[in-house]
Amino acid sequence: MERSPAGYRLFGETVFNRLAFIKRSQTLGLSLQEIKDILEVRDRGELPCSEAKQHLTAKVEEISVQIAALETLKGELQGILNCWQEQPSQASISSTICPNIQRD
């Protein structure tokens, strides 16, 4: 590894390009293992776009599942808030911690 007169390591353009790719891939939600898979294809001298596309497609599917789960949770929370009782019955107060959350 080449060093500057002050002893700092000097990196070439390819290292910076690789780091930029890693950072961008992380911002797209790819894991380090997924990024490693893509880089391994590139390191074999092949264009890794097909590998990257597979990982991004899987990421979109994961996000779709998460969005559906969040929409379900949002609906449940909105339902609780829509039926919120500031003064619940005495029976429900004595049998629950928070009648609004624990109602049937």
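Residues numbered from 1 in each chain as written. Predicted model: local features only at pLDDT ≥ 70, side-chain atom pairs only at ≥ 80, totals over all residues. Heavy atoms only, no water.

Enquirer: Explain the packing of helix H1 (residues 13-27) against helix H2 (residues 32-43) here, please?
Expert: Axis angle and axis distance: for two packed helices, these are the angle between their axes and the distance between the axes, and together they describe the pair. Interhelical geometry of H1 versus H2 gives an angle of 140° and a closest axis separation of 10 Å. Like other packed secondary-structure pairs, H1 and H2 cross with a definite hand, here right-handed. Of H2, the residues touching H1 (which contributes Arg18, Phe21, Ile22, Ser25 and Gln26) are Leu32, Ile35, Ile38, Leu39 and Asp43. Residues that form the contact of H1 with H2 fall into these classes: 6 nonpolar, 2 polar and 2 charged. (Axes fitted to C-alpha atoms, helices over the stretch in contact; angles between N-to-C directions. Helix = DSSP H or I, 4+ residues; strand = E, 2+ residues; numbered from the N terminus. Left-handed = near helix turned anticlockwise from the far one by under 90°. Contact = heavy atoms within 4.5 Å. Nonpolar A, V, L, I, M, F, W, Y, C, P; charged D, E, K, R; others polar.)

Enquirer: Help me out: how do you make sense of the nonpolar core in this one?
Expert: The nonpolar side chains of a soluble globular protein tend to be buried, and buried together. Formed by Leu30, Ile35, Ile38, Leu39 and Ala52, the largest nonpolar core amounts to 5 residues. Broken down by element, this core gets its largest block of residues, 3 residues, from H2. (Core = buried A, V, L, I, M, F, W, Y, C linked by side-chain atoms within 4.5 Å. Buried < 20%, exposed > 50% of the residue type's maximum accessible area, 1.4 Å probe, protein only.)

Enquirer: Whenever I open this one, the side chain of Glu34 confuses me. Can you help?
Expert: Structurally, Glu34 is set in helix H2. Exposure remark for Glu34: the relative accessible area of 14% places this residue in the buried category. When sequence neighbours within four positions are dropped, the list of residues in contact with Glu34 reads Gly29, His55 and Lys59.

Enquirer: I'm lost on the environment of Phe11 in this one. Help?
Expert: As for its placement among the helices and strands, Phe11 is situated in the segment before H1. Phe11 sits in the partly exposed class, given a relative accessible area of 41%. Note: C-alpha distance between Phe11 and Phe21 (10 residues apart in sequence) is 15 Å.

Enquirer: Where do I start with the environment of Gln102 in this structure?
Expert: Along the polypeptide, Gln102 turns up in helix H5 (residues 99-102). Placed 22 residues apart in sequence, Gln102 and Ile80 show a C-alpha to C-alpha distance of 9.6 Å. Residues in contact with Gln102, not counting those within four places in the same chain, are Thr96 and Ile97. A polar side-chain atom of Gln102 sits 2.6 Å from the main-chain amide nitrogen of Ile97. (Polar contact = N/O pair within 3.5 Å; in protein donor to acceptor, adjacent residues only side chain to side chain.)

Enquirer: Please explain a nonpolar patch on the surface as it appears in this structure.
Expert: A contiguous nonpolar surface patch, about 350 Å² in accessible area, is contributed by Phe11, Val15, Phe16 and Leu19. Position of Val15 relative to the elements: it lies in helix H1. (Patch = residues over 30% accessible without salt bridge, like charges linked within 9 Å, V, L, I, M, F, W, Y side chains within 5 Å. Areas by Shrake-Rupley, 256 points an atom, 1.4 Å probe, with all protein chains shown as cover. Salt bridge = Lys/Arg side-chain N within 4 Å of Asp/Glu carboxyl O.)

Enquirer: Please clarify how helix H3 (residues 49-82) should be interpreted in this entry.
Expert: One full turn of an α-helix is made of 3.6 residues, so residues set three or four places apart face in the same direction. Look at H3: 48 Å from first C-alpha to last across 34 residues, which is about the 50 Å you get at 1.5 Å a residue. If you check which residues of H3 are buried, you get Ala52, His55, Lys59 and Ile80. Residues of H3 that are buried in the fold lie against H2 and H5. (Expected span 1.5 Å × (residues − 1).)

Enquirer: Sorry, what's going on with the packing of H2 against H3 here?
Expert: Look at H2 against H3: their axes get within 9 Å of each other, and the N-to-C directions meet at 160°. In terms of orientation, H2 lies roughly antiparallel with respect to H3. Judged by the twist between their axes, the crossing of H2 over H3 is right-handed. Contacts from Glu34, Asp37, Ile38 and Val41 of H2 reach H3 at Glu51, Ala52, His55 and Lys59. Across the contact of H2 with H3, the residue classes tally to 3 nonpolar, 1 polar and 4 charged. (Parallel < 35°, antiparallel > 145°, perpendicular 65-115°, else oblique.)

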